[in-house]
Amino acid sequence: MVVRQLRLLPDAVLRKKAKRVPAIDKSVHRLIDDMIETMQQANGVGLAAPQIGVLLRVVVLQMPEEEPVAIINPEIVKRSGEREVVEGCLSLPGYSGEIKRSNSVIVKGLDRQGKAIRIRATGLRAQALEHELDHLRGSLYIDHLESEDKLHQIEPETDNRGM
Ligand code: NI
């Protein structure tokens with residue numbers, strides 16, 4: 001496992017659309033392992049492949065006190081409710097924003113073995129899934145800000161929910 005270079009704004013790769021993974025081979029497993037390593041090194045709770053410069057639909061998540069999870073070709077099949085959250089992104093260190101996210105989501109995709117999975121999520125897990133799936137279409141949380149005063153500068157060390 002290798003820690004890859006995190007792409008930071010305004011890197012253009014963060015604004016590109018990721019492609020579906022056509023086949024789950026060794027290179028995809030290596031990508032997932034490196035993404036997990038990179039996310040953990042950055043104390044993140046999630047990471048999308050474009051954040052390390054790879055335009056493939058792969059995301060990893062790691063909720064506090066849980067094992068990391070990878071989802072290949074994820075899609076949100078249902079969103080419900082709405083809530084205000086504070087959000088940060090590993091590609092935009094030193095900032096956090098107040099935005100609206102769903103209360104819960106259902107995401108389908110494939111696990112690293114290629115098995116179909118369906119994840120029903122609430123709370124931080126739902127927020128991270130929406131955040132990472134946004135990355136796959138070149139969207140960032142700052143696109144959801146209602147105004148500039150909803151974006152705050154923070155000490156990067158205090159951000160333990162980067163994604
Ligand atoms: Ni992010």
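Our subject is the structure listed above.
Here's what I pulled together on the structure shown here. (Residues numbered from 1 in each chain as written. Predicted model: local features only at pLDDT ≥ 70, side-chain atom pairs only at ≥ 80, totals over all residues. Heavy atoms only, no water.)

**What about the coordination of the nickel ion?**
As a reminder, the rule being used: For Na, K and Ca the donor cut-off is 3.2 Å, while for other metals it is 2.8 Å, and in both cases only N, O and S atoms qualify; water is not among them, so sites may look incomplete. A four-donor site is called tetrahedral if each angle lies between 85 and 135 degrees; a four-donor site is square planar, and a six-donor site octahedral, when trans pairs exceed 155 degrees and the remaining angles lie between 65 and 115; all other cases are labelled irregular. Secondary structure is summarised from DSSP: a helix means a run of H or I of at least four residues, a strand means a run of E of at least two, and numbering begins at the N terminus for each. Partly exposed describes any residue whose relative accessible area lies between the buried limit of under 20% and the exposed limit of over 50%, with all areas from a 1.4 Å probe on protein chains only and scaled to the type maximum.
Coordination of the nickel ion by the protein involves C89 (SG), H131 (NE2), H135 (NE2) and M163 (O), with metal-donor separations of 2.0 to 2.2 Å. Taken together, the 4 donor atoms surrounding the nickel ion define angles of 93 to 145 degrees at the centre, an arrangement classified as irregular. For the nickel ion, the single-chain donor residues occur in sequence as C-x41-H-x3-H-x27-M. Residue H131 and its partner H135 are located together in helix α2 (residues 123–136), separated by 4 residues, close to a single helical turn. Judged by relative accessible area, which is 1%, H135 ranks as buried.

**Quick notes on the sheet that holds strand β5 (residues 95–101)**
Note the threshold: When DSSP finds at least two bridges between two strands, those strands are taken to pair. Fitted lines through C-alpha atoms give the axes, limited to the stretch in contact for helices. The angle between two N-to-C directions lies from 0 to 180 degrees. Only heavy atoms matter for contacts: two residues are in contact if any of them lie within 4.5 Å across the pair.
Pairing is antiparallel across the open sheet formed by 3 strands, whose spatial order is β4-β5-β8. Looking at which strands have only one partner, the edges of the open sheet turn out to be β4 (83–87) and β8 (151–153). The average undirected angle you get between the axes of adjacent strands in this sheet is 25 degrees. Looking at chain direction, β4 and β5 are connected through 5 bridges and run antiparallel. Residue pairing across strands places V86 opposite E98, the latter belonging to β5. Packing of α2 onto the sheet brings it into contact with β4 and β5, and relative to β4 it is tilted by some 70 degrees.

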